[in-house]
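Single-letter residue listing:
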Amino acid sequence: DESVDVLVITAPSTDFSANEISVIEKFLDNGGNKGKSLFVFCDTKSGSMPNLYAFLEEWGTSVREDALLFETNEGNHLTDAPTSMGLSSAGSEFTESVNSNNVLYIADANVALSTAYETMGKRKTEVILQSSETVVAAPLSADATFKPTSEYKKQSFPAAIVTTESI
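What counts and how
- Residues numbered from 1 in each chain as written.
- Predicted model: local features only at pLDDT ≥ 70, side-chain atom pairs only at ≥ 80, totals over all residues.
- Heavy atoms only, no water.
- Helix = DSSP H or I, 4+ residues; strand = E, 2+ residues; numbered from the N terminus.
- Rg over C-alpha atoms; globule rule 2.2 N^0.38 Å.
- Buried < 20%, exposed > 50% of the residue type's maximum accessible area, 1.4 Å probe, protein only.
- Contact = heavy atoms within 4.5 Å.
- Areas by Shrake-Rupley, 256 points an atom, 1.4 Å probe, with all protein chains shown as cover.
- Lys, Arg positive; Asp, Glu negative; His and termini not counted.
- Charge placed at Lys NZ, Arg CZ, Asp CG, Glu CD.
- Phe/Tyr/Trp six-rings, centres within 6.5 Å; stacked < 30°, edge-to-face > 60°.
- Lys NZ or Arg CZ within 6 Å of the ring centre and 35° of its normal.
- Core = buried A, V, L, I, M, F, W, Y, C linked by side-chain atoms within 4.5 Å.

(A) Structural view of the overall build of the chain. Each helix and strand in the chain was counted, giving two helices and 10 strands. Secondary structure elements in the chain, listed N-terminal to C-terminal, are β-α-β-α-β-β-β-β-β-β-β-β. Taking 15 Å as the expected radius of gyration for a compact globule of 167 residues, we find that the chain reaches 17 Å, a close match to that expectation. Across its three principal axes, the chain shows a C-alpha extent of roughly 50 × 35 × 25 Å. Burial statistics for the chain: of 167 residues in total, 37% are counted as buried. Sequence separation of 24 or more characterises 68% of the internal contacts of the chain that already satisfy a separation of 6 or more. In the form shown here, the chain has an accessible surface area of approximately 9,800 Å², with 49% of it arising from carbon and sulfur atoms. Taken as two groups, the 11 positive and 24 negative side-chain charges of the chain have centres that lie 4 Å from each other.

Laid out in structure tokens, this is it:
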């Protein structure tokens, strides 16, 4: 439908076929006019999604399907729920209207993301939401009893990444 400008995929439960990925690519290309948007919200319970994650990697977002974000600072997660956490704006141009408003976003069961590249060809990635610097990439099985050892590096992780493609 040409009137659709945004496609939203939330917590997919099965991987996408090559044909379904092709449909998404055609939607984003929009006959060469671009201007369409895709939002993908991954879930730690989704399981293996090699086709979808390879597609997202082409668009600048790497997904670690073996890890979820775990907040080690008790002051930045809900009581007894360290996989819940406050996220903040990364100060990007994309979120310019809310960058100085001290808005806190709350999310739970975030998969570990990273940018695959800053620019590639006509594509540019930008982190728009991020965790605090007290978060670790924990095993998917982590719960409130998980105690990260020194092998788990505390750092800020992207929680939302936008990729734009210019014409």
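After that view of the structure, there is still more to cover.
(B) Examining the packing of aromatic side chains more closely. Inspection of every chain in the model, using the stated rule, returns three aromatic pairs. On the numbers, 5.3 Å between centres and 85 degrees between planes, the contact of Phe 146 with Tyr 152 is edge-to-face. Aromatic ring contacts, followed pair by pair, group Phe 70, Phe 146 and Tyr 152 into a single cluster. Seen from the ring of Trp 59, Arg 123 lies directly overhead, with NZ or CZ sitting 3.6 Å from the centre.

(C) Spatial organisation of the side chain of His 77. In this structure, His 77 sits in the loop between strand S3 (61–71) and strand S4 (84–89). What His 77 contacts, discounting residues up to four positions off in sequence, is Glu 71, Pro 82, Ser 84 and Met 85.

(D) Spotlight on the nonpolar core. Core analysis: the biggest nonpolar cluster contains 17 residues, and Tyr 53, Phe 55, Leu 56 and Val 63 have the highest contact counts within it. Elements represented by at least two residues in this core include exactly helix H1 (18–29), helix H2 (50–58) and strand S6 (111–115). Apart from residues no more than four positions distant in its own chain, Phe 55 is found in contact with Ile 21, Ile 24, Glu 25, Leu 28 and Leu 38.

(E) Structural context of the environment of Ala 107. In this fold, Ala 107 is placed in strand S5 (residues 104–108). Residue Ala 107 is classed as buried on the basis of its relative accessible area, which comes to 18%. Separated by 22 residues in the primary sequence, Ala 107 and Leu 129 place their C-alpha atoms 11 Å from one another. Setting aside chain neighbours within four positions, we find Ala 107 in contact with Thr 83, Ser 84, Met 85 and Leu 87.

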